[in-house]
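Chain and residue survey
Here is how the chains run, residue by residue.
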Amino acid sequence: MDSLTQIVLGAAVGEAVLGKKVGNKAMLYGAIAGTIPDLDTLVGKFLDPLTAIEIHRGISHSIVFSIAMAPVLGWLVSKIHKKAEASWKDWSWLFFWGLVTHPLLDAHTTWGTQLFWPFDLRLAYQNIFVIDPLYTVPFLIFLILAMRLPKTSAKRRKFNRLGLLVSSAYMILTLILKWVSFKKFEQALADKNLEYTELDTRPAAFNTILWYANIDVGAYYLLADYSFFDSKPITFKRIAKNRELLGDLKNSETVKRLSTIAEGWYAIEDKEGDLYFNDLRFGTYDLNAENLSFVFSYQLIPNEFDDLTIEEAQRDPEAMKQVLSSLWNRIWGN
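Reading guide: rules and limits
Residues numbered from 1 in each chain as written. Predicted model: local features only at pLDDT ≥ 70, side-chain atom pairs only at ≥ 80, totals over all residues. Heavy atoms only, no water. Patch = residues over 30% accessible without salt bridge, like charges linked within 9 Å, V, L, I, M, F, W, Y side chains within 5 Å. Areas by Shrake-Rupley, 256 points an atom, 1.4 Å probe, with all protein chains shown as cover. Salt bridge = Lys/Arg side-chain N within 4 Å of Asp/Glu carboxyl O. Helix = DSSP H or I, 4+ residues; strand = E, 2+ residues; numbered from the N terminus. Pairing = 2+ DSSP bridges. Axes fitted to C-alpha atoms, helices over the stretch in contact; angles between N-to-C directions. Left-handed = near helix turned anticlockwise from the far one by under 90°. Contact = heavy atoms within 4.5 Å. Nonpolar A, V, L, I, M, F, W, Y, C, P; charged D, E, K, R; others polar. Phe/Tyr/Trp six-rings, centres within 6.5 Å; stacked < 30°, edge-to-face > 60°. Buried < 20%, exposed > 50% of the residue type's maximum accessible area, 1.4 Å probe, protein only.

The grouping of Trp75, Leu76, Ile80 and Trp88 at the surface amounts to a nonpolar patch, some 460 Å² of accessible area in total. Here the element with the most residues in the nonpolar patch is helix H5 (residues 63-80); it accounts for 3 residues. By the element assignment, Trp75 lies in helix H5.

Set out below in structure tokens:
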């Protein structure tokens, strides 16, 4: 999830663990704990683009990392606040929950997390977009109401619990909406007698009303969207996999690594002689556009080592304004 959401979650968890003893300091250090796992993006800036992608939400988003870092950070903060009522164990417990709830939340997004690192298992439930105001805003309001009250106030704890309960209830709702939308796509495929090997769904940006689907039908993919306000049947757009465009490059280590990252959901595109690897897990900016542009697209560039380097395709800020307008209109049905 986005940084603000992780800060709010971390602060609320910190308050739940230690707020009664140290007041707003619990929120502060909980917010810090909730931010720490995403420092892997800073590390990625010193690495090649492909490795940076691979480590994102890796070890720093694991239970191992939370267990290892919690006592270290707990000890450090206990030395800073020697006069506080909290012990080293108390601070360590706060940091553990602040750290581990971060990847637990991220596991609900499309990118997912390697919660059980070093095991090669990425959890990605794909039931919420990385930025969802309906999850974050009510949570933030309850947190602000709580932090304005004394640490011993029963109402303070009540507001914090309400924030955690409301956000958790919304998360459960998104899982239900994902199931319903999945069934809608499944039925639309059956109505058209379309056979497929895999169906993958996820919410559109900033909401859980509009949902996208990727369908693997063998030689090509079908892409589709569905809004809960739709009045017309679901339609499908065909996308060729174009794996043959890779030629001998299909055995490239770079292509293999990208395929692993994309979990096999990718298509190759030729743009004026340049090959692009389109990661389909995150879909297109606008499924109804004449020329589809994928959210994550990487140019494959041959290098002197008989392999490939990658460069992420640039996003057009002006085009993004049109994308947001199209998204808003599409949410309200077809």
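Let's shift gears to unusual backbone geometry. Cis rather than trans, the peptide bond between Trp117 and Pro118 has omega equal to 15°. For Pro118, the location among the structural elements is in the loop between helix H6 (88-106) and helix H7 (133-147). Not every positive phi belongs to a glycine, and Gln126 is a case in point at roughly 55°. You can see Gln126 is positioned in the loop between H6 and H7.

It is worth spelling out the sheet that holds strand S7 (residues 294-302) at this point. Here 4 strands make up an open sheet; going across it, the order is S5-S6-S7-S8 and the pairing antiparallel. Edge positions in the open sheet fall to strand S5 (266-271) and strand S8 (308-312), since each of these has one partner strand only. The average angle at which neighbouring strand axes cross in this sheet is 35°, direction not considered. Strand direction decides the pairing type here: S5 and strand S6 (residues 274-284), joined by 6 bridges, are antiparallel.

For any two helices packed against each other, one specifies the crossing angle of their axes together with the interaxial distance. For the pair helix H1 (residues 3-22) and helix H8 (residues 154-191), interaxial distance at closest approach is 10 Å and the crossing angle is 140°. Where H1 crosses over H8, the handedness of that crossing is left-handed. Of H8, the residues touching H1 (which contributes Leu9, Ala12, Glu15, Ala16 and Lys20) are Arg156, Arg157, Asn160 and Leu164. Residues of the contact of H1 with H8, tallied by class, amount to 4 nonpolar, 1 polar and 4 charged.

The next subject is the sheet that holds strand S4 (residues 237-240). The strand order across the open sheet built from 4 strands is S1-S2-S3-S4, with neighbouring strands paired in antiparallel fashion. Of all strands in the sheet, those with a lone pairing partner are strand S1 (198-203) and S4, marking the two edges. Taking each pair of neighbouring strands and ignoring which way they run, the sheet shows an average axis angle of 25°. Direction of pairing for S1 relative to strand S2 (residues 210-216): antiparallel, over a ladder of 6 bridges. Bridge pairing in S2 links Pro203 to Trp211.

Next up on the list: the packing of aromatic side chains. We describe a pair of aromatic rings using the distance from one ring centre to the other and the angle between the two ring planes. Within the structure shown, the criterion is met by 16 aromatic pairs. Ring geometry for Tyr135 and Phe139: centres 5.9 Å apart, planes at 85°, overall edge-to-face. Here Phe139 and Tyr135 lie together in helix H7, a separation of 4 residues that amounts to about one turn. Across the pair, Phe139 and Tyr135 agree in class, each one buried.

As for its position among the elements, Thr110 is in the loop between H6 and H7. Residue classification places Thr110 among the buried positions, given a relative accessible area of 11%. Thr110 has contacts with Ala124, Gln126, Ile128, Arg202, Arg281 and Phe282, leaving out every residue within four places of it along the chain.

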